[in-house]
Each structure stands twice: as C-alpha cells, then as structure tokens.
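Structural overview for review
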Amino acid sequence: MSSDQPKTVDLTALSAQQLADVKSQLEQELEHLSQSFQKLRAAQAKFKECISTVEKTFKAENKGKSVLVPLTTSLYIPGVIEDVETVMVDIGTGYYVEKKPKDAIAFYENKVSTLQKNLVDLETLVNGKMGNLRMVEEVLRQKVMSSAPNVA
C-alpha cells in the first residue's frame, strides 16, 4: 500500500557528492523527458497534417486529378486520384486499413487528442522534476558555501 508512495529524502542530510549525483540524475531525466516531449509534438503535428491532407484531397472534385504520392520523406511518384470515397490509413507498425475520409479524420483527431493528453501529463512531470532540480541546486549551493573557508 505505501510502496506506491514516492519516497521523500531530506536533502540537507545528503553530502555534497550525493547532491551532485542527484542533480546529475535529475538533469539526465529532464533531458530525456524534453526529448520525449519534442517527439510527441512532432507526432501530433504529423497527425494534424494527415487530417489536413484528407480534408483537402478526398473531395469529389479531385477525382481523376494528378498527385505526387510519397514513398518516403524524400521520394515521390506520380499518381492519379481514382477513389475519393476511401483512403488508406496507416494504423501503425506497417499496417494499413481502408477507411472513409470522415472516419480517417476521426481516427487522426483521436490520435491528436490522445497525444495532447500525454503532452499535458508530460509537461506536469517535467515541471515537477525542474522544481526538484532547483531544490537540489539550492541545497547544494548552501552546502558548498557553508563548507568553504571564510576569507576575511
């Protein structure tokens, strides 16, 4: 029952070396969390772009129009829009499903919403870690100042 509770540590009881180690660990965690935050933002932007593409492309007036179809991020081949009633949706790990444009948009909007919730949770976690880092830095500074010989 209490094993799920986060452990609190009296920072003033730690040595300067231990505080430096805790500071280093917090900095590494913050770097990792920041990278994760950036990756989630990028994924969210990709899904928003998918929504925009489906909305613009899959209209009746676009049937028969020429388009460039991306094979990779830098390789495109020419194609023609034959069917505006269905779209292939990448649902992850190399799997694609055929959906109606409105269903594809709903799928991508759900992804954007889920990522937004994850971003909010991650931002809360980052802010907490930053607060912890500031506390550790302050206690470390006080320890260093108190251990330095007084020069008069």
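Below is a short write-up of the structure. (Residues numbered from 1 in each chain as written. Predicted model: local features only at pLDDT ≥ 70, side-chain atom pairs only at ≥ 80, totals over all residues. Heavy atoms only, no water.)

With that settled, consider the overall build of the protein chain. Looking only at helices and strands, the protein chain features 2 helices and 4 strands. N-terminal to C-terminal, the α/β element order of the protein chain is α-β-β-β-β-α. Taken along its principal axes, the extent of the C-alpha atoms in the protein chain is 85 × 40 × 25 Å. Of all 152 residues assigned to the protein chain, the portion counted as buried reaches 20%. Counting only contacts in the protein chain whose residues sit at least 6 apart along the sequence, the fraction spanning at least 24 positions is 55%. Computed over 19 positive and 20 negative side-chain charges, the separation of the two mean positions in the protein chain equals 2 Å. (Helix = DSSP H or I, 4+ residues; strand = E, 2+ residues; numbered from the N terminus. Buried < 20%, exposed > 50% of the residue type's maximum accessible area, 1.4 Å probe, protein only. Contact = heavy atoms within 4.5 Å. Lys, Arg positive; Asp, Glu negative; His and termini not counted. Charge placed at Lys NZ, Arg CZ, Asp CG, Glu CD.)

Under the definition given, this model contains 2 aromatic pairs. Measuring from ring centre to ring centre gives 5.4 Å for Phe 107 and Tyr 108, while their planes differ by 70°; the resulting arrangement is edge-to-face. Neither Phe 107 nor Tyr 108 differs from the other in exposure class; each is buried. Taken together, the ring pairs in this structure connect Phe 47, Phe 107 and Tyr 108 into an aromatic cluster. (Phe/Tyr/Trp six-rings, centres within 6.5 Å; stacked < 30°, edge-to-face > 60°.)

A few words now on the pattern of salt bridges. Taken as a whole and assessed by the stated rule, the structure comprises 4 salt bridges. One salt bridge connects Glu 27 with Lys 23, and the closest N-O pair in it is separated by 3.2 Å. Of the two residues, Glu 27 and Lys 23 both sit in helix H1 (residues 16-57), 4 residues apart, roughly one turn of that helix. You can call Glu 27 partly exposed: its relative accessible area is 35%. Note on Lys 23: relative accessible area 23%, which makes it partly exposed. (Salt bridge = Lys/Arg side-chain N within 4 Å of Asp/Glu carboxyl O.)

With that settled, consider H1. Between its first and last C-alpha atoms H1 spans 61 Å; for 42 residues at 1.5 Å apiece the expected length is 62 Å, and the two agree. The complete set of buried residues in H1 reads Leu 19, Leu 26, Leu 30, Leu 33, Gln 44, Phe 47, Ile 51 and Val 54. Looking at the buried positions of H1, the neighbouring elements they touch are strand E3 (87-92) and helix H2 (101-147). (Expected span 1.5 Å × (residues − 1).)

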